[in-house]
Amino acid sequence: MLYASPMAPNPYAAALGDNDPATVLPTTPAKLKALVAGLSAEQLNSPPAPGKWSIREIFAHLADCEMAFGFRLRQTLAVDNPVLQPFDQDKWAEHYAAYDYATAVAFYEAFRDWNLKFLSTVTDEQKQRGASHPERGFTPFSVQLATIAGHDLHHVSHMEKLVASLKS
């Protein structure tokens, strides 16, 4: 039975802290854009160190995650006993050279808006549903939302440090 495994923890619980996902999710795109406002194209496209993502690549990652997380949320509500598909972010990142900064940001913002509109239609009853994650076990809808919000705040913190290092 898919729901026999223990409930999965939010891997970004520390980043989320006591923040409410319903407050974090709608504010993150503007917060991230404000952090990087005024940076040059070189600053947006230069990785801080070998093997680390540039700001442009972080936005591409966020766009990819928004797409994947949105699919998982919809799958949780639309399928009986769903199994969420993990993905290798580093393999996905191998293609980030194809995405310019403006496109990555636009897709991230558009898909976040799309997901927020979807979330506005989800009932309390539907929020009780969950899915099985092959690496994390049973993952309730609420934990999926908390994971997305924690992932947001993880990248806000990361971006703050990255921008501070660029401005120093």
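Residues numbered from 1 in each chain as written. Predicted model: local features only at pLDDT ≥ 70, side-chain atom pairs only at ≥ 80, totals over all residues. Heavy atoms only, no water.

Participant: Explain the packing of aromatic side chains to me, and be specific about the residues and the numbers.
Facilitator: Taken as a whole and judged by the stated rule, the model has six aromatic pairs. Residues F87 and W92 carry aromatic rings whose centres are separated by 4.4 Å and whose planes lie at 25° to one another, so their mutual orientation is stacked. Assessed through its relative accessible area of 24%, F87 is described here as partly exposed. Taking the relative accessible area as the measure of exposure, W92 reaches 31% and is therefore partly exposed. Members of the aromatic cluster, connected to one another through ring pairs, are W53, Y96 and Y99. Sitting over the ring of F118, R74 keeps its end group 4.3 Å from the ring centre. (Phe/Tyr/Trp six-rings, centres within 6.5 Å; stacked < 30°, edge-to-face > 60°. Buried < 20%, exposed > 50% of the residue type's maximum accessible area, 1.4 Å probe, protein only. Lys NZ or Arg CZ within 6 Å of the ring centre and 35° of its normal.)

Participant: Report on the nonpolar core, specifying residues and quantitative values.
Facilitator: Among the nonpolar cores identified, the biggest contains 21 residues, and L32, V36, I55, F59 and M159 are the most heavily contacted of them. The set of elements that each furnish at least two residues to this core consists of α2 (21-36), α4 (55-78), α6 (101-119) and α7 (141-167). Among the elements that line this core, the one with the most residues is α4, at six residues. Contacts of F59, omitting those with residues within four sequence positions, involve L32, K33, V36, Y101, A104, V105, Y108 and M159. In this structure, L25, C65, I148 and L153 belong to the second largest nonpolar core, which totals 16 residues. (Core = buried A, V, L, I, M, F, W, Y, C linked by side-chain atoms within 4.5 Å. Helix = DSSP H or I, 4+ residues; strand = E, 2+ residues; numbered from the N terminus. Contact = heavy atoms within 4.5 Å.)

Participant: Lay out the packing of α4 against α7 with the relevant residues and their values.
Facilitator: Between α4 and α7, whose axes approach to 11 Å, the crossing angle comes to 175°. What the angle tells us is that α4 and α7 run roughly antiparallel. For the pair α4 and α7, the contacting residues are I55, I58, F59, H61, L62, C65, F69, R72, L73, T76 and L77 in the first and F141, Q144, L145, I148, H151, H155, H158, M159, L162, V163 and L166 in the second. Partitioned by chemical class, the residues of the contact of α4 with α7 number 15 nonpolar, six polar and one charged. (Axes fitted to C-alpha atoms, helices over the stretch in contact; angles between N-to-C directions. Parallel < 35°, antiparallel > 145°, perpendicular 65-115°, else oblique. Nonpolar A, V, L, I, M, F, W, Y, C, P; charged D, E, K, R; others polar.)

Participant: Residue-level account of the environment of V79, with values.
Facilitator: By the secondary structure assignment, V79 is in the loop between α4 and α5 (89-93). Through-space distance from the C-alpha of V79 to that of A131 is 9.0 Å; in sequence the pair is 52 residues apart.

Participant: Could you give me a rundown of the environment of F141, with the residues and numbers involved?
Facilitator: By secondary structure assignment, the location of F141 is in helix α7. Through-space distance from the C-alpha of F141 to that of L77 is 8.5 Å; in sequence the pair is 64 residues apart. Discounting residues that sit within four places of it in the chain, F141 has contacts with L73, T76, L77, F118, L119, V122, Q126, K127, R129 and G130.

Participant: How would you sum up empty space enclosed by the protein? Please name residues and give values.
Facilitator: In this structure the tally under the stated criterion is two cavities of 30 Å³ or more. Along the walls of the largest cavity sit F69, R72, L73, L84, H133, R136, T139, V143, Q144, T147 and I148, which together make up its complete lining. Of all the elements in the fold, those that place two or more residues in the lining of the largest cavity are α4 and α7. Tallying contributions element by element places α7 first for the lining of the largest cavity, with four residues. Of the residues that constitute the lining of the largest cavity, the class distribution is five nonpolar, four polar and two charged. In this structure, the second largest cavity spans a volume of roughly 60 Å³. L25, E66, F69, G70, L73, R112, N115, L116, L119 and I148 together form the lining of the second largest cavity. Those elements that provide at least two residues to the lining of the second largest cavity are α4 and α6. Of the residues that constitute the lining of the second largest cavity, the class distribution is six nonpolar, two polar and two charged. (1 Å grid on protein atoms, 1.4 Å probe; cavity = no way out; pocket = protein on both sides within 12 Å on 5 of 7 lines; lining within 4 Å. Points joined across faces, edges and corners; volume = space filled by probe spheres on them.)

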